[in-house]
Amino acid sequence: MLFDTHAHLNATQFDEDVVDVINRAKMEGVSHIVVVGFDRQTITRAMELTEMYDFIYAAVGWHPVDAIDMVDEDLSWIEELASHPKVVAIGEMGLDYYWDKSPKDVQKEVFRKQIKLAKKVNLPIIIHNREATADVLQILEEENAEQVGGIMHCFTGSVEVAKKCMDMNFYISLGGPVTFKNAKKPKEVAKDIPLENLLIETDCPYLAPHPYRGKRNEPSYVKYVAESIAHLKGITVEEVSEKTALNAKKLFGIK
Ligand SMILES: [Zn+2]
């Protein structure tokens, strides 16, 4: 059992061979995949994939980089989709201060609106944070996001920040960076944060783990993330796979 909690099989990078990619994931023991939508096109594609495959679920939300493009109709649409049985989370959402396409105040407003929506429909949220940790934590606290909880996706922060997120009812999700030789913080988090609070993900097609770093990532590679965590904790990869999958099923309400 391997649960990839964050995959973009809805990205154009998979247009040519998504069926092969999904078959490879199955062969490598991936039991569940959450495909994360973050704008009109990727949300539509995520929903299509959930209809095609039993073991694929969707998260629907609006990416902070594109916050400036979101209109009220988009938010109503996301709310409608939230009642679909295979939509398991709202997101990804958050703040991204690396790219400057959307002004910070617009990003913050779109982030807050989505947290309010998640509380209304009672679904967990998936958080994207790039170079915006202090503001992300502040908004999660002010909006009382603890009520729904969720995932700090592709977490690369410190153990200290991880603990603050856990206190607000968030899981820490590790991806490809934990496998990189020079990644200090993700390795510390993998070592110090209890397995009860961890999830695994690929964030494919981005952030491929070692030994595929720099290549296109895919869900079958999530096993390398599990292997790294197992190695750092000194436990078996089966234990990491089983426990992180159980954590994800519990959070997403999957039987
Ligand atoms: Zn993502």
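Everything below is about the structure printed above this text.
Rules and cut-offs
- Residues numbered from 1 in each chain as written.
- Predicted model: local features only at pLDDT ≥ 70, side-chain atom pairs only at ≥ 80, totals over all residues.
- Heavy atoms only, no water.
- Donors = N, O, S within 2.8 Å, 3.2 Å for Na, K, Ca; no water.
- Helix = DSSP H or I, 4+ residues; strand = E, 2+ residues; numbered from the N terminus.
- Buried < 20%, exposed > 50% of the residue type's maximum accessible area, 1.4 Å probe, protein only.
- Pairing = 2+ DSSP bridges.
- Right-handed = clockwise from strand over helix to strand, strands pointing away.
- Axes fitted to C-alpha atoms, helices over the stretch in contact; angles between N-to-C directions.
- Core = buried A, V, L, I, M, F, W, Y, C linked by side-chain atoms within 4.5 Å.
- Contact = heavy atoms within 4.5 Å.

Caption draft 1: Examining the coordination of the zinc ion more closely. Within the protein, the atoms that donate to the zinc ion are His6 (NE2), His8 (NE2) and Glu92 (OE), at distances of 2.1 Å. Written as a sequence motif, the donor residues of the zinc ion are H-x1-H-x83-E. One end of the pair, His8, is in the loop between strand S1 (2-7) and helix H1 (18-27); the other, Glu92, is in strand S4 (residues 87-96), with 84 residues separating them in the sequence. For His8, a relative accessible area of 3% gives the class buried.

Caption draft 2: Expanded view of the pairing of strand S3 (residues 56-60). Of all five residues making up S3, five are buried, and the element is well covered by its neighbours. Residue alternation in S3 divides its side chains into two sets, Ile56, Ala58 and Val60 and Tyr57 and Ala59, and both sets are buried. Bridge count between strand S2 (residues 30-37) and S3: five bridges; the pairing is parallel. Counterpart to Gly37 in the pairing with S3 is Val60. For the crossover from S2 across helix H2 (residues 40-52) to S3, the handedness is right-handed.

Caption draft 3: Spotlight on the sheet that holds strand S5 (residues 125-130). The parallel open sheet is built from eight strands, whose spatial order is S1-S2-S3-S4-S5-S6-S7-S8. The sheet terminates laterally at S1 and strand S8 (198-200), the two strands that pair on one side only. Going across the sheet, the axis of each strand differs from the next one's by a mean of 30°, ignoring polarity.

Caption draft 4: View of the nonpolar core. Counting 74 residues, the largest nonpolar core has Leu9, Ile125 and Leu140 as its most contacted members. Take this core: its biggest share by element is six residues, from helix H8 (residues 222-233). In this structure Leu140 touches Phe111, Ile115, Ile125, Ile127, Ala145, Met152, Met168 and Phe170, once residues within four positions along its chain are discounted. In terms of nonpolar packing, the next biggest core, distinct from the first, is built from 16 residues, Ile126, Tyr171, Leu251 and Ile254 among them.

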